[in-house]
Amino acid sequence: MPRIKKKGQAGAAKNYVTRNQAIRKLQISLPDFRQLCIWKGIYPREPRSKKKVSKSSTASTTFYYVKDIQYLLHEPLLQKFRDQKVLEKKISKALGRGDVGDAKRLEGNAVRPEKTGKPRYTLDHVVRERYPTFVDALRDMDDCLSMLFLFANLPSTSSVPAKMVARCEKLCLEFQHYLIVSQSLTKSFLSIKGIYYQANIQGEDVLWLVPYKFNQRIVGDVDFRIMGTFVEFYMTLLGFINFRLYTSIGLKYPPKFDAIKDENAAELGAFTLEGKTLVGAEDPKKVEDASHEVDPKTQAAVNKIIKSIQNGTEEVSNDEAAAAIANTDETNNAATLDKFEPVAPGGDVLYQPETNSNDSAKLFSNFTFYLSRETPRQSLEFLLKAFGCKRVGWDAVLGDGAFTTNELDPSITHQIVDRPPIQVSSEENDGDEDNQTSQKLDPNRRVPGRTYVQPQWVWDCVNDVELKEPHLYAPGAALPPHLSPFVRSVQGAYDPTVSLEEQEPEDEALEADEDADETIEGMDVAEDEDEDEDDEDEDSENAGAEAIDAEIDEAESEDEDAQRQAELEAELTGGVVKGKSGNAKAKAREQAKKALSKKAKEETEDMERAKGMLSKKKRKLYEQMMYTNNKKSAEDQKLRAKRRKLEKEKAKGKA
């Protein structure tokens, strides 16, 4: 007789455990269990059948794998939690006995990060366990950076300690310095949620969100205790990543930090980078050795020139000298680059590398920028420096660390402003002005030779890796649309960069033409009415012409009445009316609509016949696919209609 299986000891019930059972097995509190699961990357699991897994009469809602809980039994952090719990009990017992001295001694032995700054535990071993390789850590940086940049902008409260905010801000600024030096930033986008940044770090694309520098409010419906647990782990992770990134490019980590400059809102300017070599810099020994190496061809050209000068008989042209120098440059470049030769003769020609520098790295290298005080200084400074600009200045009220605070500095080539032209009043105010609001320049005054643009110019130049025309982004001008660089254009979908005529279907174009004709007719009628009103106020010299026009209108109305009467008679008698031919354009449009409807009907019939040959499973999949495509096409049609309406309004405004 086989052994009877008891409930909960075999099958799916053996693979799962409830949260309460896991807490009792680990002998820790619920908050500590949540922290431990977040740090170790253990999440609740959803079994296929809760009824089979549940070992109690009440249906449990949270389950974990038994293997995951067994894995947590050997975690060193468990002992830290237990020691902290034992110490808290000893302090409470001492206070209950009234022994204040003993409680104070135990309090001194306890680790209080909010008071002493010393951590209760370290998460270094957890980071090494979760990310065996550095590439794994880079792939998980999206949430890490978004969370840390968010907490770096939050005000300090009881739930968000000030030391946590300062630590997050410091780590984020260190990471931005690496992006500036390594020139890894690729794209950025201004959205409603904040500013999106994308960087390519060692071949991995990292995308994160940075909130705007607004005054943030701490609301009560957000559990900052859980978020703080994530932040605590992410701070350790980003510290590891920053150390590895800095050392990979020859920089010392951590960089020198000036607390005085940081108090004056210098931010990026509060750090001083140190290192033997930077990205793009060459070893002086290698440069010196390379300078002593002489190319034979170059030496022969030099000897020829020297000989001609000594003899005075032969003259070497400038073209030959330039060719020799160019040949020298090509030889030096070829020495530093690898050549890929085909294996077999007559094979494909392989692509040869070129010594072209990174265009994005030198996008703003020749410019000096000045940021007006109404512009977002932090994001603009980061973007400009990440794309080659070495000289960025701003007003002194925006903080320390500027290249110059003088708005009239002649070395400034571009000034970024974000305010419309100021309307100057005729009356002059002789009263005292506030230093925070007074202007160094008169209203609407511009420094000669300087380019004034709005902040969007920087983002559009960065995303397209080219300098846009400044007049399109002049102060007070209507800016071009700021499109997301992360959206890839799909064939057949709405593309805002392409004109409507190139992307709208034929039937939609016909409907648009009909609407346009109706609009034009309405405008003509309105113009005729306006002209009639104006003609009433004219002199009596035009009275004869008006009488003639009136007779013509009466004749046309009589013809229309006769045509209408003939149509009614033909309808009663069943005859055919020989009327005037309609508008040729309207007839052509009607014929085109009929042809399109006939074509669409034929395509629908062919599709129905083809669907009849499919199996039931494939037919459902096809119908689902068509439903999704129709839904997307309807959204694209709405966007095109909205754009068509805006273009019509602009055309009316210009007219």
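Conventions adopted
Residues numbered from 1 in each chain as written. Predicted model: local features only at pLDDT ≥ 70, side-chain atom pairs only at ≥ 80, totals over all residues. Heavy atoms only, no water. Pairing = 2+ DSSP bridges. Helix = DSSP H or I, 4+ residues; strand = E, 2+ residues; numbered from the N terminus. Axes fitted to C-alpha atoms, helices over the stretch in contact; angles between N-to-C directions. Contact = heavy atoms within 4.5 Å. pLDDT = per-residue confidence, 0-100. Salt bridge = Lys/Arg side-chain N within 4 Å of Asp/Glu carboxyl O. Buried < 20%, exposed > 50% of the residue type's maximum accessible area, 1.4 Å probe, protein only.

Asker: Give a description of the sheet that holds strand β4 (residues 195-201) that names residues and reports values.
Answerer: Sheet architecture is open: three strands sit in the order β3-β4-β5, paired in antiparallel fashion. Only two strands of the sheet have a single neighbouring strand rather than two, namely β3 (185-190) and β5 (204-210). The sheet shows a mean angle of 15° between the axes of neighbouring strands, direction not considered. In terms of strand pairing, β4 meets β5 through seven bridges, oriented antiparallel. Opposite Ile195, over in β5, you have Val210 as the bridge partner. Relative to β3, helix α18 (residues 456-464) is tilted by about 140°, and along the sheet it contacts β3 and β4.

Asker: Could you give an account of the confidence of the model for the chain, with specific residues and numbers?
Answerer: For any part of a model where pLDDT is low, the fine detail of the predicted coordinates should not be relied upon. Per-residue confidence for the chain gives a mean pLDDT of 77; residues scoring 70 or more make up 68%. Confidence, read as mean pLDDT per element, is least for helix α14 (residues 284-292) in the chain (40) and greatest for β4 (95). Every residue in residues 313-326 scores below 50 in pLDDT, and together they form six contacts with partners more than four places removed in sequence or on other chains.

Asker: Which residues make up the pattern of salt bridges, and what values do they have?
Answerer: Per the stated rule, a full pass over the model turns up 14 salt bridges. We note a salt bridge from Glu204 to Arg139, for which the minimum N-O separation is 3.5 Å. Within this pair, whereas Glu204 is found in strand β5, its partner Arg139 is found in helix α9 (residues 134-139), the two being separated by 65 residues in sequence. Overall, Arg139 belongs to the exposed group, its relative accessible area being 54%. Salt bridges here are not isolated pairs; linked through shared partners, they connect Lys40, Glu75 and Glu129.

Asker: Now, about the pairing of β3: what can you tell me, with residues and values included?
Answerer: Examined bridge by bridge, β3 and β4 share five bridges and lie antiparallel to one another. In the strand pairing of β4, Leu185 is matched with Ala199. The loop that links β3 with its antiparallel partner β4 comprises four residues.

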